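What follows is each chain in one-letter form.
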Amino acid sequence: MSELITRRSVLAGAGAGAALTTLPLSMVTLAFGGTREDFTFTYISDAHIQQIKGASFVRNWDQGLKRAVAEANLVKPESDFVIFGGDLAQLGKHDELDHGGEILSHLKGKLHAVMGEHDYYLDLGDYWSKLYGPHYYSFDHKGVHFVVLNSILTSEQWTFHRWPTAEQRMLEMAGLDNPNGSPFMVGDKQRKWLANDLAKVDKKTPLVVFSHSPLQKIYKGWNFWTDDAEDVQALLAPFDSVNVIYGHVHQIQYNQIGNISFNSVMATAWPWPYPQTYAQAESHLPVLTIPMNRADPFFERDATGWQLIDIGSGRVTARYQLWDNDQRTVAFDHKAGHPVDTAYQEPTQRRLPQTHY
Ligand SMILES: [Fe+2]
Ligand SMILES: [Fe+2]
């Protein structure tokens, strides 16, 4: 089946169950040369499970996560593991983390979780740790070294001395464009850990780094930003092949800085527009994105989605599973030396972005 067949056309031609089991056949995994084995993993991010009161949660966000989990379970061949990319909760509440965790518990296969700022700033990741373990860690899988960083830390002054209550601290960091927020960072302690961790890894081993915020500086006004990004990049620079995959931005972005390829992932909750589309905010967005197919206000899942990722060449190919929208694939182009949106890079093939008023 062609990758270009849309979910809508598949759904139109078959029952929903058949569509879900048919879709992953588009993702043909190719064996590649060398000793490494090709494999695929699933990436779900930014569910923002939000409690209204008691056992009542925002339905839309629940449904996005539930649908991603259901589809991920139907992938054939099965992906080796699942990453949840952060912002499981909206305001870091135990009830939200529990409710989101219950939905994630239906996933087949091992889950690795990344810390998001919405999970962290109520109790500084304490309850999240009870569910998912350490805030940063690494593991090896089929010849690839994976690193999970907690990139949403900020200064001690802001974290411990600025706000009278933990609830207010959480609310201040939860706003997208709140000037009372504070730039994210990985921080000295974790960068030292990373240096030690990477010292044991052969420089030819492909690296995949998962962070919540971009480990590059995209737009400070919305915290699409990590303050010590260059210091982290310097630790990754000696390796032949580095891939950073991040959530938080709720939109497709990709970029190349030196040897490091960057790919973002979609949210299951809601889309953010590209910062450059907001005329009231000065934009420092580098030319690294293309206009996203914008949200349809009459379809609550539009411009949201989840991802299948394979690293057959040692570089990431991100296959975006966009609900009721054309699937998109961003793959590393070895000739160009950077990731390319394989279907939409040509300006003549782009859809116009939504106009904001
Ligand atoms: Fe988010
Ligand atoms: Fe976030």
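The structure reproduced in this document is the subject of the present report. (Residues numbered from 1 in each chain as written. Chains lettered and ligands numbered in written order. Predicted model: local features only at pLDDT ≥ 70, side-chain atom pairs only at ≥ 80, totals over all residues. Heavy atoms only, no water.)

As a further point, take helix α3 (residues 59-73). Residues spaced three or four apart along an α-helix point in a common direction, a consequence of the helix completing one turn every 3.6 residues. Between its terminal C-alpha atoms α3 stretches 21 Å, which fits the 21 Å expected from 15 residues at 1.5 Å a residue. Within the sequence span of α3, burial applies to Asn-60, Trp-61, Asp-62, Gly-64, Leu-65, Ala-68, Val-69, Glu-71, Ala-72 and Asn-73. (Helix = DSSP H or I, 4+ residues; strand = E, 2+ residues; numbered from the N terminus. Expected span 1.5 Å × (residues − 1). Buried < 20%, exposed > 50% of the residue type's maximum accessible area, 1.4 Å probe, protein only.)

To continue, consider the coordination of the iron ion (ligand 1). For the iron ion (ligand 1), the protein coordination sphere consists of Asp-46 (OD), His-48 (NE2), Asp-87 (OD) and His-250 (NE2), at 2.0 to 2.3 Å. Coordination at the iron ion (ligand 1) comes from four donor atoms whose angles at the metal span 87 to 174°, giving a geometry best classed as irregular. Within one chain, the residues donating to the iron ion (ligand 1) are spaced in sequence as D-x1-H-x38-D-x162-H. Between the iron ion (ligand 1) and the iron ion (ligand 2), a spacing of 3.5 Å is present, and a bridge between the two is formed by Asp-87. Of this pair, His-48 sits in the loop between β1 (40-44) and β2 (51-53) while His-250 sits in the loop between β9 (242-246) and β10 (254-257), placing them 202 residues apart in sequence. (Donors = N, O, S within 2.8 Å, 3.2 Å for Na, K, Ca; no water. Tetrahedral: all angles 85-135°; square planar, octahedral: opposite > 155°, others 65-115°.)

Glancing now at the coordination of the iron ion (ligand 2). Coordination of the iron ion (ligand 2) by the protein is provided by Asp-87 (OD), Glu-117 (OE), Glu-117 (OE), His-212 (NE2) and His-248 (ND1), with metal-donor distances spanning 2.2 to 2.6 Å. Summarised as a motif, the one-chain spacing of the donors to the iron ion (ligand 2) is D-x29-E-x94-H-x35-H.

Burial within strand β11 (residues 260-264) is extensive, with five of its five residues counted as buried. The two faces of β11 match: Ile-260, Phe-262 and Ser-264 on one face and Ser-261 and Asn-263 on the other face are all buried. As paired strands, β9 and β11 are joined by five bridges and run parallel to one another. Considered in β11, the bridge of Tyr-246 is made with Ser-264. In this structure, β10 lies alongside β11, joined through four bridges in antiparallel fashion. Across the sheet, the residue bridging to Asn-255 is Phe-262, located in β11. Hairpin connection from β10 to β11: two residues lie between these consecutive antiparallel strands, with Gly-258 at a positive phi of about 60°. (Pairing = 2+ DSSP bridges.)

Core analysis: the largest hydrophobic core is formed by 36 residues, its most contacted members being Ile-44, Leu-65, Leu-88, Leu-104, Tyr-121 and Trp-306. It is α3 that contributes the most residues to this core, four residues altogether. Apart from the residues within four sequence positions on either side, Ile-44 is in contact with Leu-65, Ala-68, Val-69, Ala-72, Val-82, Ile-83, Phe-84, Gly-85, Leu-107, Thr-268 and Trp-306. By size, the runner-up hydrophobic cluster in this structure holds 26 residues, among which are Val-208, Val-265, Ile-311 and Leu-322. (Core = buried A, V, L, I, M, F, W, Y, C linked by side-chain atoms within 4.5 Å. Contact = heavy atoms within 4.5 Å.)

Glancing now at the pattern of salt bridges. Scanning the model with the defined rule gives 10 salt bridges in all. One salt bridge in this structure joins Lys-142 and Asp-80, with 2.7 Å as the shortest N-O distance. In this pair, Lys-142 sits in the loop between β6 (137-141) and β7 (144-148) while Asp-80 sits in the loop between α3 and β4 (81-84), placing the two residues 62 residues apart along the sequence. Between Arg-319 and Asp-310 there is a salt bridge whose closest N-O contact spans 3.1 Å. Accessibility assignment for this pair places Arg-319 and Asp-310 in one class, buried. Three or more residues are tied together by salt bridges with common partners; here these are Asp-188, Arg-191 and Asp-228. (Salt bridge = Lys/Arg side-chain N within 4 Å of Asp/Glu carboxyl O.)

Reading across from one edge, β5-β4-β1-β12-β13-β14-β15 is the order of the seven strands in this open sheet, with mixed pairing throughout. Of all the strands in the sheet, just β5 (110-113) and β15 (338-341) have a single pairing partner and so form its edges. Across the sheet, the axes of successive neighbouring strands diverge by a mean angle of 25°, strand direction being ignored. Direction of pairing for strand β13 (residues 317-322) relative to strand β14 (residues 328-333): antiparallel, over a ladder of four bridges. If you follow Ala-318 over to β14, its bridge partner there is Val-330. (Axes fitted to C-alpha atoms, helices over the stretch in contact; angles between N-to-C directions.)

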